[in-house]
Every structure is written in structure tokens, then in C-alpha cells.
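Chain by chain, the residues:
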Amino acid sequence: MKFGRLIDLKRCMGCRSCVAVCATENYFTPGSPWNVMVEYEVGAYPKVKTIYNPMGCMHCEKPACKAVCDYIGVKAIRKTEFGPVIVDYDKCIGCGYCGNTCPYGVPQLNGKKLAPLSPGKGAVGSEAIPLAARHPTHQKKAQTVEKCTFCYHKLEQAAVDGKLDRVGKDQAYTPSCDLVCPVQARMFGDIDDPGSDIAKRIKETGAVQLKKEFGTAPQVFYVLEEGAKS
Amino acid sequence: MKNAIFIALLSALFLAPATGALAADAAPAVKKAPAPGSKSMAEKGSYHRLHGKKEKLDCEDCHETEPLPPGTLKLRYYKPLAKDSPGPVTAEACHECHGKEQKKKVTWYAPKGKK
């Protein structure tokens, strides 16, 4: 079992619901987003169109971020059983090597102090939840790297509940970004099982990974709009 | 097109304070790597020392001389640059060296040119 994601750029209309829900689900730290919308235009007048390309962690099979982190002996990044690549905030030394080595520039280094959501207004919204009461992936730290976890807290819960077969189907066990997409441009599930909905759709649509040439074997697949970069 | 201009403007705004050295008419680019211990990326400055002094790389081998274009598939491609940075960096600059076996185990990617 290996979880992966499919993002259909032909369907995506750039509404950023996935970005917004990630911010709430994952205790958004300003300046260190986990999910962003890359937007650009292709074609020539009069046939111009905008490509909307949501980007989060690709949860690579062979993560370059982990390779550097291991190389310098810090070993703060691990590849978990079901696919997610997870940063251990307690081990991270904040060197930033991972973020610069990642072909997609995914890991985000927090500043010396965690930026407040609403400067001058004290703790707002999820900030008010004490760190210790949160899932370890939400116990944010200054000068530490953070990034998308494939909503690891939900996957872990699925494993605990013995409901791994419901991942990608039930709200409690599916990454929030994939749940909220109003045009069904996102899908999450077991990419190892050729019979799963996501595996079938990847095959049908000919979805590809971005920047394949780096050979990190990402677990996020994109259905490319004509002219879109890969 | 409007959108592209908007994004270009936006990135220009974001980058402007940090990229003075990028403007064509600006003073010559700062040619001094961060001092050891002074910057986060370079833990004790070893990163720039290794690549600059030992591997004899120029700033431009890694740092772009212009802001990254819209559509750069890099999360937060518009991230403001650190103080004195000669320009944005993408992993494409690292691929050549870190895609092949070296004396030390510094291989993070598949060899360049292979798919």
C-alpha cells in the first residue's frame, strides 16, 4: 500500500480551496505554506490560457531532501511506510539544505520566531491551541523546516482505526485538500493497487510526475493541460 | 497576458527590496559569499565555502541573475530573497553535480539526461 495523489490541471480552475483548507487543517504558519498555487500563461494571442498548478510536497520515493539530511548526519527526515515523507521537528537543525536541494523547493524554513497569523492581535484561531495538544506534525517550531505531510495525522488515524481501506474515501481519513476541491480535480488513494480508483485514473489520463528528470520518483501525479510545464 | 504582467509586477514588488543587485543599472553585484556562521542556509558558512572555494563555482553557477519567471515549478517561487543574495536559486543548478556519483556520497538525484 502506497498513497499518492492525482491533480488534474485540466479541471483545476485556480480557486485555491485546497490552499485555504490546508492552512486551517495544518495550522498554517505565515511564510511557510504547505500548498501553493503556481499560475502561468501559455499559448499566443488569441489562444491564451492560464495554467493553474497546485503544488505541495511530492512525497518522493527517493526524496532528495532526505538524502542531504542523512548525508550531514541530521537524519530528521523519514520516508514512512505508506508513502508520506515526514520531518521530525525535534531533530531538524534548520540548515535549510533540504529546501534548496528539493527539485520543487518544497520544505519551508521557519524564521527565528514563528510569524503570527495576525500581527499584534495575539493568538488567533488555531494558534490558540496549545502545542502539546496537537499532532506532532502540527507542533511547529521556529528555525525548523515544515512541509505538506499528506495529512499524516489523518493517515495515522486510519491505521490506528484499521481503516486504511477508507483512505481517499472517508472525510476523516483523506487529506483535506483532496476533499474540498469543488471540481474534483484532486484524488487521493493507493497508487500501488492497480485496481484502485486513483491508479485507474492515472492510467486513463496518462498523468505524469513533474520534473521526472531528477529521478526522485514523486508520488503526486498531474494530468497536464496542453502546454503545461512538467 | 494581463495576468502575466500582474504576476511580473507582483514578483518585482516582492523581490525589489532584496534584488537591488539584479537591476541592470545597479552597482556591481556583491561578490562575497556569506561569512561563516552568519547565515542560516550556510551552517557555519560551510555550504558556500564548499561550493565556492573548494568546487570553485561562481555565484552565477547557482544564482540566477533575474527573478524566476512565472510558471517556475518551485513552491513559493516568489519567495523574497535573503539579504545580499545575488539572485534566486533553483535545483536545476545542482543537478549536474549531484546527479552523479562523487568521491563523497553527495548524489541526491538520478543522472542528468536520464528519465
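Use the structure listed above.
Residues numbered from 1 in each chain as written. Chains lettered and ligands numbered in written order. Predicted model: local features only at pLDDT ≥ 70, side-chain atom pairs only at ≥ 80, totals over all residues. Heavy atoms only, no water.

1. Some details on the overall build of chain B
A count of helices and strands for chain B gives four helices and zero strands. Starting at the N terminus and ending at the C terminus, chain B contains elements arranged as α-α-α-α. Scored against the burial criterion, the 115 residues of chain B give a buried share of 29%. Within chain B, residue pairs in contact and separated by at least 24 positions form 42% of the contacts whose partners lie at least 6 positions apart. (Helix = DSSP H or I, 4+ residues; strand = E, 2+ residues; numbered from the N terminus. Buried < 20%, exposed > 50% of the residue type's maximum accessible area, 1.4 Å probe, protein only. Contact = heavy atoms within 4.5 Å.)

2. Thoughts on the pairing of strand β1 (residues 3–8) of chain A
Residue and element names in this part refer to chain A. Counting buried residues in β1 gives six out of six residues, a clear majority hidden from the surface. A two-sided burial pattern is seen for β1, the buried positions comprising Phe-3, Arg-5 and Ile-7 on one face and Gly-4, Leu-6 and Asp-8 on the other. Judged from the five bridges that link them, β1 and strand β8 (residues 186–190) form a sheet pairing that is antiparallel. Counterpart to Ile-7 in the pairing with β8 is Arg-186. As judged from the four bridges shared by β1 and strand β9 (residues 220–223), these two strands associate in the parallel manner. Within β9, the position partnered with Leu-6 by the bridge is Phe-221. (Pairing = 2+ DSSP bridges.)

3. Some details on the pattern of salt bridges
Residues and elements named next belong to chain A. The final tally for this structure, using the stated rule, is 14 salt bridges over all chains. One salt bridge in this structure joins Glu-61 and Lys-2, with 2.8 Å as the shortest N-O distance. You can see Glu-61 sitting in the loop between β3 (47–55) and α2 (64–71) and its partner Lys-2 sitting in the segment before β1, a full 59 residues away along the chain. Using a relative accessible area of 18% as the deciding quantity, one classes Lys-2 as buried. The partner of Lys-141 in a salt bridge is Asp-90, and the shortest N-O contact between them spans 3.3 Å. Remark: Asp-90 occurs in the loop between β5 (85–87) and α3 (97–101) and Lys-141 occurs in the loop between β6 (108–109) and β7 (145–146); sequence separation between them is 51 residues. Classification of Lys-141 by relative accessible area gives partly exposed; the value is 32%. The exposed category is assigned to Asp-90, whose relative accessible area is 64%. (Salt bridge = Lys/Arg side-chain N within 4 Å of Asp/Glu carboxyl O.)

4. A closer look at helix α1 (residues 17–25) of chain A
Residue and element names in this part refer to chain A. Regarding α1, the residues found buried are Cys-18, Val-21 and Cys-22. One side of α1 carries all its buried residues, which in axial view fall inside an arc of 105 degrees. Tyr-27 sits one or two residues past α1 and shows a positive phi near 55 degrees. (Arc of directions from axis to C-beta.)

5. Comments concerning a nonpolar patch on the surface
All names here are of chain A. Together, Phe-28, Leu-117 and Val-124 make up a nonpolar patch on the protein surface, roughly 200 Å² of accessible area in all. Position of Phe-28 relative to the elements: it lies in the loop between α1 and β2 (36–44). Since its relative accessible area comes to 30%, Phe-28 is described here as partly exposed. (Patch = residues over 30% accessible without salt bridge, like charges linked within 9 Å, V, L, I, M, F, W, Y side chains within 5 Å. Areas by Shrake-Rupley, 256 points an atom, 1.4 Å probe, with all protein chains shown as cover.)

6. With respect to the sheet that holds β8 of chain A
Residue and element names in this part refer to chain A. The sheet built from three strands is open, its strands ordered β8-β1-β9 with mixed pairing. One side of each edge strand has no neighbouring strand; the edge strands of this open sheet are β8 and β9. Each strand of the sheet is rotated relative to its neighbour by a mean of 20 degrees, with strand direction disregarded. (Axes fitted to C-alpha atoms, helices over the stretch in contact; angles between N-to-C directions.)

7. Let's talk about the pairing of β3 of chain A
As a general feature of sheets, a regular strand has side chains that alternate between the two faces. Residues and elements named next belong to chain A. Of the pairings in the sheet, the one linking β2 to β3 comprises nine bridges and is antiparallel in character. Each bridged residue has a counterpart across the sheet, and for Tyr-40 the counterpart in β3 is Ile-51. Taking the residues between adjacent antiparallel strands as the criterion, β2 and β3 are bridged by two residues.

8. With respect to the packing of aromatic side chains
Note on aromatic pairs: each is described by the distance of the centres and the angle between the planes. Scanning the entire structure with this criterion turns up six aromatic pairs over all chains. Aromatic side chains Phe-3 of chain A and Phe-188 of chain A sit 5.7 Å apart centroid to centroid with 20 degrees between the ring planes, which places their arrangement in the stacked category. Of this pair, Phe-3 of chain A sits in strand β1 while Phe-188 of chain A sits in strand β8, placing them 185 residues apart in sequence. Ring geometry for Phe-214 of chain A against Tyr-109 of chain B: centres 4.8 Å apart, planes inclined by 70 degrees, an arrangement best described as edge-to-face. Of the two residues, Phe-214 of chain A is situated in the loop between α6 (197–205) and β9 and Tyr-109 of chain B in the segment after α4 (92–98); the pairing between them involves two chains. (Phe/Tyr/Trp six-rings, centres within 6.5 Å; stacked < 30°, edge-to-face > 60°.)

9. Notes on the interface of chain A and chain B
Often, the extent of an interface is quoted as the loss of accessible area upon association of its parts. Between chain A and chain B, the residue contacts involve 38 residues of the former and 32 residues of the latter. Regarding the contact of chain A and chain B, the summed buried area is about 2900 Å², with carbon and sulfur atoms giving 60% of it. The interface formed by chain A and chain B includes one salt bridge. The partner of Lys-211 of chain A in a salt bridge is Glu-92 of chain B, and the shortest N-O contact between them spans 3.2 Å. Between the two partners, chain A and chain B, sit seven residue pairs in polar contact (both at pLDDT 80 or more). For the side of chain A that touches chain B, the elements supplying multiple residues, two or more each, are β2, β3, α2, α3 and β6 of chain A. Considering each element in turn, the side of chain A that touches chain B owes the most residues, five residues, to β2 of chain A. A per-class count over the side of chain A that touches chain B returns 20 nonpolar, 13 polar and five charged. (Buried area = accessible area lost by both parts, 1.4 Å probe. Polar contact = N/O pair within 3.5 Å; in protein donor to acceptor, adjacent residues only side chain to side chain. Nonpolar A, V, L, I, M, F, W, Y, C, P; charged D, E, K, R; others polar.)

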